[in-house]
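Structural features, examined
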Amino acid sequence: MIAADLIIVLTAALVAVAGSLLGVFLVLRRQSMLSDAISHAVLPGIVGAFWLSGGTTTVPALIGAAAMGLLTVLSVELLERSGRVKVDAAIGVVFPLLFSIGVILVSLYFRNVHLDMDAVLYGEIAYAPLNTVIFLGREVPESLLLMGTLALLNAAFVGLCYKELKVGTFDAGLAATLGFAPTAVHYLLMTLLSFTTVGAFQSVGAILIVAFVIIPPASAYLLTRQLSRMLRLSLVIGVVSSAAGYALALWLDTSIAGMIASVLGVVFTLSLLFSPEQGVVTTLARRARQREDFTARLLLTALHGEQRYTPAAIARRLDWDETRTRRALEYARRAGWVRLDGDRVERLTAAPVPDHGASPVPGPRAAHRNASQVP
């Protein structure tokens, strides 16, 4: 029997892998909230499957969840196409309605059975090692078998339909022209999302599955614009966050699934702040460097030929304060554009040639001064 800690980490990692493989395309199609809608709206399907089968068996629950997931997508699309409401409002109408129906059915008819709201909403991944089934003559955790199967199924779908998914995601019209059947691929994607959602119920619940489906792809989207790399990054983020979240949950003695989702949130925040291309901090730093570069190039327009100027004279010519002038001179010195010789500044031949067709506009106090003023 596999160690309990390893079973829990593997279950979380498989949930993240299965969810991220589909979540990448939801993020790119701007349909992230559909995962939240489906994760709640499948509850009536699970209840119906329980009523028909007389137990909490997995296959009927998956079928019922898939049916309700497709009903959710169809209902949202019909409302959107009607032109009366937009997609966000359509989602806000459909999934609370279906979810509330499921809640009412559970509270009315299944109070005394093992089908409660805590299990559906929150799940408990710590119980994964205890729920076992016999597979090929061996006792294995059901969560590993189920989520491993779903992860392989989702991976096979993405691998076999990669071209169709890629073209359909970025240009559905072109995909239809090429005969890729984007509508069929879309509904297959939603069906697998429904399977993945209900399969993860007993591990992380309906609420936290959204974090596993959306946050790793959203974080990867901030780090790269290449689809294949985005897929790989989202898988790495999901798996690493699962292991780190479990370790922190043991340390803090708190919810495992909640801590994993929190770690995913931290990863997303770090990606948002420090992404090399789109990070808030890196963007601010890049703009600051661009301003410094522009200011230093502007300073060069005040230096002519081999003449030497004092910083004070340069400041008067450009109508700058001393701080701005000193910073521009330091940037130009580091760039190898000027040389400081005591209190004099000399322009070097390696300095970029300014565009004399667009000379700097002097400040109001310097407008009346002679442009040829020297120190």
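See the structure printed just above.
Right, let's walk through the structure included here. (Residues numbered from 1 in each chain as written. Predicted model: local features only at pLDDT ≥ 70, side-chain atom pairs only at ≥ 80, totals over all residues. Heavy atoms only, no water.)

A short note on the overall build of the protein chain
- Broken down by element type, the protein chain carries 16 helices and five strands.
- Split into buried and exposed, the 375 residues of the protein chain put 45% on the buried side.
- By element, 63% of the accessible surface of the protein chain is carried by carbon and sulfur atoms, the whole surface being about 19,500 Å². (Helix = DSSP H or I, 4+ residues; strand = E, 2+ residues; numbered from the N terminus. Buried < 20%, exposed > 50% of the residue type's maximum accessible area, 1.4 Å probe, protein only. Areas by Shrake-Rupley, 256 points an atom, 1.4 Å probe, with all protein chains shown as cover.)

Observations concerning the sheet that holds strand β3 (residues 308–309)
- Read across the open sheet, the three strands follow the order β3-β5-β4; overall the sheet is antiparallel. A strand with exactly one partner marks an edge of an open sheet, and here the two such strands are β3 and β4 (338–341).
- As judged from the two bridges shared by β3 and strand β5 (residues 344–347), these two strands associate in the antiparallel manner. Across the sheet, residue Tyr309 finds its bridge partner in β5, namely Val345. (Pairing = 2+ DSSP bridges.)

Here we look at the nonpolar core
- Ranked by size, the top nonpolar core spans 70 residues in total, and within it Phe25, Phe157, Met190, Val204, Ile209 and Phe212 carry the most contacts.
- Looking at this core element by element, the count peaks at 13 residues for helix α1 (residues 4–28). (Core = buried A, V, L, I, M, F, W, Y, C linked by side-chain atoms within 4.5 Å.)

A word on the pairing of strand β1 (residues 132–135)
- Sheet topology places β1 next to strand β2 (residues 138–141); four bridges connect them, and they run antiparallel. The residue of β2 that forms the bridge with Thr132 is Pro141.
- Where β1 folds back on β2, the antiparallel hairpin that results is connected by two residues, among which Leu136 adopts a positive phi of roughly 55°.

Some words on a nonpolar patch on the surface
- Taken together, the side chains of Val266, Leu270, Leu272, Phe274, Val280, Val281 and Leu284 make up a nonpolar region of the molecular surface, amounting to roughly 600 Å² of accessible area.
- Those elements giving two or more residues to the nonpolar patch turn out to be α13 (256–274) and α14 (280–300).
- Counting residues per element, the nonpolar patch draws most heavily on α13, which supplies four residues.
- Along the chain, the position of Val266 falls in helix α13. (Patch = residues over 30% accessible without salt bridge, like charges linked within 9 Å, V, L, I, M, F, W, Y side chains within 5 Å. Salt bridge = Lys/Arg side-chain N within 4 Å of Asp/Glu carboxyl O.)

With respect to unusual backbone geometry
- Located in the positive-phi region is Ala181, a residue other than glycine, with phi close to 50°.
- Locating Ala181 in the fold gives a position in the loop between α9 (172–177) and α10 (182–199).
- Despite not being glycine, Asp319 has its phi angle at roughly 60°, a positive value.

Remarks on the packing of aromatic side chains
- All told, the structure shown has one aromatic pair when counted by the stated rule.
- Summarising the aromatic geometry, the rings of Tyr331 and Trp337 are spaced 6.1 Å apart at their centres and angled 65° between planes, so their arrangement reads as edge-to-face. Here Tyr331 matches Trp337 in class, with each residue buried.
- Here the basic side chain of Arg225 rests over the ring of Tyr221, its NZ or CZ set 4.0 Å away from the ring centre. (Phe/Tyr/Trp six-rings, centres within 6.5 Å; stacked < 30°, edge-to-face > 60°. Lys NZ or Arg CZ within 6 Å of the ring centre and 35° of its normal.)

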